[in-house]
Amino acid sequence: MSLKENYEIVKNNISKSLTASGRIAGSVKLLAVSKTVGSDKIKEMFDLGQRAFGENRPQSLRDKSKELEKLPIEWHCIGHLQNNKIKYVYPVAALVHSIDRRELLDEFIEWAKKTGRKCPVLLEVHISGEETKQGFDVNEVLEVIKDYRENEYLDIRGMMGMAPLDADDNQVRACFKKLADLFEQSKCLEGPAYKAVELSMGMSGDYQIAIEEGATIVRVGTALFKE
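Predicted model, so just to flag it, every value in this text is computed and none were measured. (Residues numbered from 1 in each chain as written. Predicted model: local features only at pLDDT ≥ 70, side-chain atom pairs only at ≥ 80, totals over all residues. Heavy atoms only, no water.)

Draft legend 1. The arrangement of the packing of helix H6 (residues 141-148) against helix H7 (residues 169-186) in detail. Where H6 meets H7, the axes come as close as 10 Å, and the angle between the chain directions of the two elements is 30 degrees. Here H7 runs roughly parallel to H6, going by the angle between their axes. Considering only the axes of H6 and H7, their crossing is right-handed. Counting all contacts with H6, which are made through Val141, Leu142 and Ile145, the residues of H7 involved are Leu182, Gln185 and Ser186. For the contact of H6 with H7, the residue count by class is four nonpolar, two polar and no charged. (Axes fitted to C-alpha atoms, helices over the stretch in contact; angles between N-to-C directions. Helix = DSSP H or I, 4+ residues; strand = E, 2+ residues; numbered from the N terminus. Parallel < 35°, antiparallel > 145°, perpendicular 65-115°, else oblique. Left-handed = near helix turned anticlockwise from the far one by under 90°. Contact = heavy atoms within 4.5 Å. Nonpolar A, V, L, I, M, F, W, Y, C, P; charged D, E, K, R; others polar.)

So, in structure tokens, the structure goes:
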């Protein structure tokens, strides 16, 4: 399979899932997860029309964004973020999906004060039940929004979550429903720093289910970049 064929298949699947669930065409953003490929493949995918790319590692985001700085790429950070790696992400990320603790929100406040830029973020919610996954507990995330929604230095745009890797479709759907319900509940908590705009869920193996359950961003890597 060529990248062009992969891209067309994924885009077609997204369109079919939107139609099947009665959603508006174009209401889901495809985020190409480029963590396993070099700048040449990203450039090739860009030439096909893809504009948003996601990296797991902060250093990779820094390096690839510099290598491809002449292209108007929209870079997303989707991996676990340590405090000492914020410096690689904050200046270039259009959206950070992986804010998984209050400490990071506090750090982003300080970065906004220093730089004059509010970096858009999503709150990662632990919906999978897997001990290896990070994120705010489903029972605390709405409280976190209440505590930070008035902060003038934050730009929180919604939530992100991951289903268990080895789960069947019913389990995956239940996880996505749980996150979509929380997302809907959060709409009544909007304030200057919080707007329920983006729901990031779904990867190569389950993005179609995620779309059916309301995702606005799907993070697809393997299905796009496999040879």
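Draft legend 2. A look at the layout of surface pockets. Its boundaries defined by the atoms lining it, the largest pocket holds a volume of some 390 Å³. Lining the largest pocket are 19 residues, and of these Val33, Lys35, Asn56, Ile78 and Met203 sit closest to its centre. Looking at the lining of the largest pocket residue by residue, the class counts come to seven nonpolar, eight polar and four charged. Counted as a void, the second largest pocket has a volume near 180 Å³. Taken together, 13 residues line the second largest pocket, and the ones lying closest to its centre are Lys11, Val28, Lys29, Leu30 and Gln50. Contributions of two or more residues to the lining of the second largest pocket are made by helix H1 (3-20) and strand S1 (29-33). Among the elements that take part in the lining of the second largest pocket, H1 stands out by supplying four residues, more than any other. Within the lining of the second largest pocket, the residues separate by chemical class into six nonpolar, three polar and four charged. (1 Å grid on protein atoms, 1.4 Å probe; cavity = no way out; pocket = protein on both sides within 12 Å on 5 of 7 lines; lining within 4 Å. Points joined across faces, edges and corners; volume = space filled by probe spheres on them.)

Draft legend 3. Fine view of the environment of Ala94. Within the secondary structure, Ala94 is located in the loop between helix H4 (86-89) and strand S4 (95-99). Setting aside chain neighbours within four positions, we find Ala94 in contact with Glu74, Trp75, Arg117 and Pro120.

Draft legend 4. Summary view of the pattern of salt bridges. One pass over the structure, following the stated rule, counts 16 salt bridges. Of the charged contacts, one joins Asp47 and Lys43 as a salt bridge, the two residues approaching to 2.9 Å between their closest N and O atoms. Of this pair, Asp47 and Lys43 both sit in helix H2 (residues 39-47), four residues apart, which is roughly one turn of the helix. Note on Lys43: relative accessible area 35%, which makes it partly exposed. Among the ionic pairs, Arg101 bridges to Asp100, the shortest N-O distance being 2.6 Å. A network of salt bridges, in which partner residues are shared, links Arg173, Lys177, Glu212 and Glu213. (Salt bridge = Lys/Arg side-chain N within 4 Å of Asp/Glu carboxyl O. Buried < 20%, exposed > 50% of the residue type's maximum accessible area, 1.4 Å probe, protein only.)

Draft legend 5. The arrangement of empty space enclosed by the protein in detail. Inspection of the entire model under this criterion finds one cavity of 30 Å³ or more. The space that makes up the largest cavity amounts to roughly 30 Å³. In terms of lining residues, the largest cavity is bounded by Glu124, Val125, His126, Ile127, Ser128, Lys133, Gln134, Gly161 and Met162. Residue classes in the lining of the largest cavity are distributed as three nonpolar, four polar and two charged.

Draft legend 6. Here's a closer look at the packing of aromatic side chains. Taken as a whole and assessed by the stated rule, the structure comprises three aromatic pairs. Each ring, one from Phe53 and one from Trp75, has its centre 6.2 Å from the other, and the planes form 45 degrees; the classification is tilted. One end of the pair, Phe53, is in strand S2 (residues 52-55); the other, Trp75, is in strand S3 (residues 74-77), and 22 residues separate them in sequence. Judged by relative accessible area, which is 5%, Trp75 ranks as buried. Across from the ring centre of Tyr88, 4.4 Å away, lies the NZ or CZ of Arg62, which sits over that ring. Across the ring face of Trp111, the terminal group of Lys114 is positioned such that the distance to the ring centre comes to 3.8 Å. (Phe/Tyr/Trp six-rings, centres within 6.5 Å; stacked < 30°, edge-to-face > 60°. Lys NZ or Arg CZ within 6 Å of the ring centre and 35° of its normal.)

Draft legend 7. Inspection of the nonpolar core at higher detail. Val96, Phe108 and Met159 are the most contacted members of the largest nonpolar core, which has 71 residues in total. The dominant element in this core, judged by the number of residues it contributes, is H7, at seven residues. Counting nine residues, the second-largest nonpolar core is a separate cluster that includes Leu31, Ala52, Met160 and Met162. (Core = buried A, V, L, I, M, F, W, Y, C linked by side-chain atoms within 4.5 Å.)

Draft legend 8. Structural view of the pairing of S4. With five of its five residues buried, S4 lies for the most part within the structure. Sheet topology places S3 next to S4; two bridges connect them, and they run parallel. Looking across to S4, one finds that His76 is bridged to Leu95. As judged from the two bridges shared by S4 and strand S5 (residues 121-126), these two strands associate in the parallel manner. What sits directly across from Val96, in S5, is Val121. (Pairing = 2+ DSSP bridges.)

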